[in-house]
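Breakdown of the fold
Each chain, written out:
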Amino acid sequence: MLTRKQLDLLMFINERLKETGVPPSFDEMKEALDLASKSGIHRLITALEERGFIRRLPNRARALEVIKLPEAMQPINQVRQRFSPSIVEGGLGRPAAPVAAAPQREAPEGANDDSSVPVMGKIAAGVPISAIENQTRSLVVPPDMMGKGEHYALDVEGDSMIHAGILDGDTVVIKRTDTANPGEIVVALVDDEEATLKRFRRKGASIALEAANPAYETRIFGPDRVQIQGRLIGLVRRY
């Protein structure tokens, strides 16, 4: 599965090759995807190359070849929604117990009650990738786990939050909010592109996003680069 920005970039490169026979420049790609720097383009191109969608041609400046396209493609000029989490990266931090845990139970088809939340995708722990909206299923959780407000869930894939009691294969339950207190585990959106599950800290005027595994570094950002998308309120685990 490609992220939204990976798909957008692949389509932009493919359309430019079809129109002119020449791949777009990094500046053109950065402008088309509305990214702040070329480093984001480098990361997206590397991801597309690793997944076998494009190939960099040797000994030729900015030469790219599209090898394959996904079965379902979206137009590059689609209206982008503000982040609804799908795939997010994990982070570092101090050990802590999970907020809550319960046996995992899938919502029956057609279920629509207060204890059913949408599962928006996976947490690819420790791997920075773009956030996309991709509801995979619904999940029934204990009603007393959730208070008022809107909630969603994310599947955990990786080890970056293990010392917070969040294991590979768990499903975290998130309450949508745009604020957080220091020490809380949050879903944060960095540079309008990268979604991450981290412990929220403040370092002076900056924001620190910590993981719960010493193998991962704490990351520091200016406050204008980070948007809180939700706060961890519990998890469910399948045995």
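Below is a short write-up of the structure. (Residues numbered from 1 in each chain as written. Predicted model: local features only at pLDDT ≥ 70, side-chain atom pairs only at ≥ 80, totals over all residues. Heavy atoms only, no water.)

1. Thoughts on helix α3 (residues 38–50)
- Taking 1.5 Å per residue as the helical rise, α3 with its 13 residues ought to reach 18 Å, and the 18 Å between its terminal C-alpha atoms agrees with that figure.
- Listed as buried for α3 are G40, I41, L44, I45, A47 and L48. Each buried residue of α3 sits inside an arc of 160° when the element is viewed along its axis, so together they form one side.
- Buried-residue contacts for α3 involve α1 (4–20), α2 (26–32), β1 (54–56) and β2 (64–66).
- Phi turns positive one or two residues past the end of α3, at G52, with a value near 80°. (Helix = DSSP H or I, 4+ residues; strand = E, 2+ residues; numbered from the N terminus. Expected span 1.5 Å × (residues − 1). Buried < 20%, exposed > 50% of the residue type's maximum accessible area, 1.4 Å probe, protein only. Arc of directions from axis to C-beta. Contact = heavy atoms within 4.5 Å.)

2. Section: the pairing of strand β7 (residues 171–175)
- Most of β7 sits inside the fold, with 4 of its 5 residues counted as buried.
- Two elements, strand β6 (residues 151–157) and β7, share 5 bridges in a ladder whose sense is antiparallel. Residue pairing across strands places Y152 opposite I174, the latter belonging to β7. (Pairing = 2+ DSSP bridges.)

3. Digging into α1
- With 17 residues, α1 extends 24 Å between its outermost C-alpha atoms, agreeing within 8% with the 24 Å of an ideal straight helix rising 1.5 Å per residue.
- Every buried residue belonging to α1 is among R4, K5, Q6, L7, D8, L9, L10, M11, F12, I13 and N14, and all of these are buried.
- Contacts from the buried residues of α1 go to α2, α3, β1 and β2.
- Positioned one or two residues after α1, G21 has a phi angle of 80°, which is positive.

4. Section: the packing of aromatic side chains
- Counted according to the given criterion, the structure contains 0 aromatic pairs.
- It is K68 that lies over the ring of F53; its NZ or CZ is 4.8 Å from the centre. (Phe/Tyr/Trp six-rings, centres within 6.5 Å; stacked < 30°, edge-to-face > 60°. Lys NZ or Arg CZ within 6 Å of the ring centre and 35° of its normal.)

5. A look at the pairing of strand β12 (residues 226–236)
- In terms of burial, β12 is a largely internal element, 9 of the 11 residues being buried.
- Pairing of β7 with β12, which is carried by 5 bridges, proceeds in the antiparallel orientation. Directly across from V173, in β12, lies its bridge partner G234.
- Bridge count between strand β8 (residues 185–190) and β12: 5 bridges; the pairing is antiparallel. What sits directly across from V190, in β12, is V226.

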